[in-house]
Amino acid sequence: MKSKIIVIEGLDGSGKATQAKILTDALAAKGVPVRKLEFPDYKSPASAPVRMYLGGEFGSAPEDVNAYAASAFYAVDRIASYLSSWKLDYEQGAVLISDRYATSNIIYQMPKLSDGERDAYISWQSDFEYDKLGLPKPDAVIYLDVAPEVSQRLMERRYGGDNSKKDLHESNLRFLLSCRRAAVYAAERCGWHVIDCCRDGDIRPVEEIARDIEKVVTSILC
Ligand SMILES: Nc1ncnc2c1ncn2[C@@H]1O[C@H](COP(=O)(O)OP(=O)(O)OP(=O)(O)O)[C@@H](O)[C@H]1O
Ligand SMILES: [Mg+2]
């Protein structure tokens, strides 16, 4: 089988980790050589600039670091992970399920630019990470669309109501709303698969969303 990179994208608390695990387990149960990845790789020293940025060491607002500089921080984390951890799996034909990927830069950094600069940013991101750094391109991007008001509630449950545990992006609802707008634009522009994860102002059941994802993935792997 030819290797594949399937990215699960979405805003903070949209269910990426939950769905990436279900999908990875389902593929493994079918005998597919599969491995789950997660970005940023906070355990790696290569994520230090990302941790500094999200921890507010360069300023308390996301805009205190410009889109291109912050994108470079995240790109370092990804290429280091590729070179040190999963390059061989990729070369040997594994299916990689990635909880976030280079596409997260488009969601979180593009909103810092004007609408007129968006297409140039998308082209730069692709050229920089895939063509110049040599990170493999994703074969499919599945975007879990969750209204930030809903995902904030899910995160609050996870953090036990302690808002101080939220990072620079997570704590800024206005910024997350602009990230959702960026994601919707990129999904259309870059051909991402959009899964509408909400119904009647709440998140749909985990299993229902998992079935939608499996349908997309089956069409990609066949
Ligand atoms: N469909 C769902 N229904 C109810 N709760 C959910 C659903 N999906 C995920 N959750 C819960 O919401 C929280 C956030 O989910 P998860 O950690 O999977 O999201 P994430 O997108 O990986 O978040 P982050 O971006 O912060 O890493 C978790 O506590 C998870 O158990
Ligand atoms: Mg997660």
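Since this is a predicted model, take the numbers as computed values, not measurements. (Residues numbered from 1 in each chain as written. Chains lettered and ligands numbered in written order. Predicted model: local features only at pLDDT ≥ 70, side-chain atom pairs only at ≥ 80, totals over all residues. Heavy atoms only, no water.)

**A closer look at the sheet that holds strand E1 (residues 4–10)**
The strands making up a sheet associate through backbone hydrogen bonding, with each pair oriented either parallel or antiparallel.
Consideration 1: Spatial ordering of the open sheet is given by E2-E3-E1-E4-E5, a layout of 5 strands whose pairing is parallel. The open sheet is flanked by strand E2 (34–38) and strand E5 (193–196), the only strands paired with a single partner. The mean angle between the axes of side-by-side strands here comes to 20°, regardless of whether they run parallel or antiparallel.
Consideration 2: Alignment of E2 against strand E3 (residues 95–99), held across 5 bridges, turns out to be parallel. Bridge assignment links lysine 36 to a residue of E3, and that residue is isoleucine 97. (Pairing = 2+ DSSP bridges. Helix = DSSP H or I, 4+ residues; strand = E, 2+ residues; numbered from the N terminus. Axes fitted to C-alpha atoms, helices over the stretch in contact; angles between N-to-C directions.)

**Here we look at the site of ligand 1**
Consideration 1: Lys16, Ala17, Thr18, Arg158 and Arg204 are the nearest of the 17 residues found near ligand 1.
Consideration 2: In the model, an oxygen atom of ligand 1 is placed 2.6 Å from a nitrogen or oxygen of the lysine 16 side chain.
Consideration 3: When the free accessible area of ligand 1 is taken as 630 Å², the share hidden by the protein chains comes to 76%.
Consideration 4: Sorting the residues of the shell around ligand 1 by element identifies helix H1 (16–29), helix H6 (148–158) and helix H8 (206–221) as the ones contributing at least two each.
Consideration 5: The greatest single-element share of the shell around ligand 1, amounting to 3 residues, is contributed by H1.
Consideration 6: Considering only residue class, the shell around ligand 1 consists of 7 nonpolar, 4 polar and 6 charged. (Near = heavy atom within 4 Å. Polar contact = N/O pair within 3.5 Å; in protein donor to acceptor, adjacent residues only side chain to side chain. Areas by Shrake-Rupley, 256 points an atom, 1.4 Å probe, with all protein chains shown as cover. Nonpolar A, V, L, I, M, F, W, Y, C, P; charged D, E, K, R; others polar.)

**Focus on the packing of aromatic side chains**
Consideration 1: Per the stated rule, a full pass over the model turns up 12 aromatic pairs.
Consideration 2: Geometrically, the ring pair formed by tryptophan 124 and phenylalanine 128 is stacked, given 5.0 Å between the ring centres and 15° between the ring planes. Here the residue tryptophan 124 and the residue phenylalanine 128 both occupy positions in helix H5 (residues 118–133), the gap between them amounting to 4 residues, near one helical turn.
Consideration 3: Looking at tryptophan 124, the relative accessible area reads 26%, which means it is partly exposed.
Consideration 4: Judged by its relative accessible area of 22%, phenylalanine 128 is partly exposed. (Phe/Tyr/Trp six-rings, centres within 6.5 Å; stacked < 30°, edge-to-face > 60°. Buried < 20%, exposed > 50% of the residue type's maximum accessible area, 1.4 Å probe, protein only.)

**A closer look at the pairing of E3**
Consideration 1: Counting buried residues along E3, 5 of its 5 residues qualify, which places the element largely inside the surrounding structure.
Consideration 2: In E3, alternate side chains face the same way, and those of Val95, Ile97 and Asp99 on one face and Leu96 and Ser98 on the other are all buried.
Consideration 3: Here 5 bridges tie E1 to E3, and the two strands are oriented parallel to one another. Within the sheet, the bridge partner assigned to isoleucine 8 lies in E3 and is aspartate 99.

**With respect to the nonpolar core**
Consideration 1: Ranked by size, the top nonpolar core spans 32 residues in total, and within it Trp86, Tyr101, Ile107, Leu135 and Trp192 carry the most contacts.
Consideration 2: Those elements giving two or more residues to this core turn out to be E1, helix H3 (67–91), helix H4 (103–109), H5, strand E4 (140–145) and helix H7 (173–190).
Consideration 3: Among all residues touching tryptophan 86, those that are not within four sequence positions of it are Ile5, Arg35, Leu37, Phe39, Ser81, Leu96, Tyr101, Leu135 and Pro136.
Consideration 4: Within the second largest apolar cluster, 22 residues are counted, among which are Val32, Cys197, Val216 and Val217. (Core = buried A, V, L, I, M, F, W, Y, C linked by side-chain atoms within 4.5 Å. Contact = heavy atoms within 4.5 Å.)

**Some details on the side chain of serine 98**
Consideration 1: Locating serine 98 in the fold gives a position in strand E3.
Consideration 2: In this structure serine 98 comes out as buried when scored by relative accessible area, which is 0%.
Consideration 3: Setting aside anything within four residues of it in sequence, one finds serine 98 in contact with Ile6, Val7, Ile8, Leu37 and Phe39.

**Quick look at the environment of serine 71**
Consideration 1: Looking at the element boundaries, serine 71 is found in helix H3.
Consideration 2: Separated by 82 residues in sequence, serine 71 and arginine 153 place their C-alpha atoms 27 Å apart.
Consideration 3: Not counting the four nearest positions on each side in its chain, serine 71 is found in contact with Arg78, Asn105, Gln109, Tyr121 and Trp124.
Consideration 4: At a separation of 2.6 Å, a polar atom in the side chain of serine 71 contacts the side chain of tyrosine 121.

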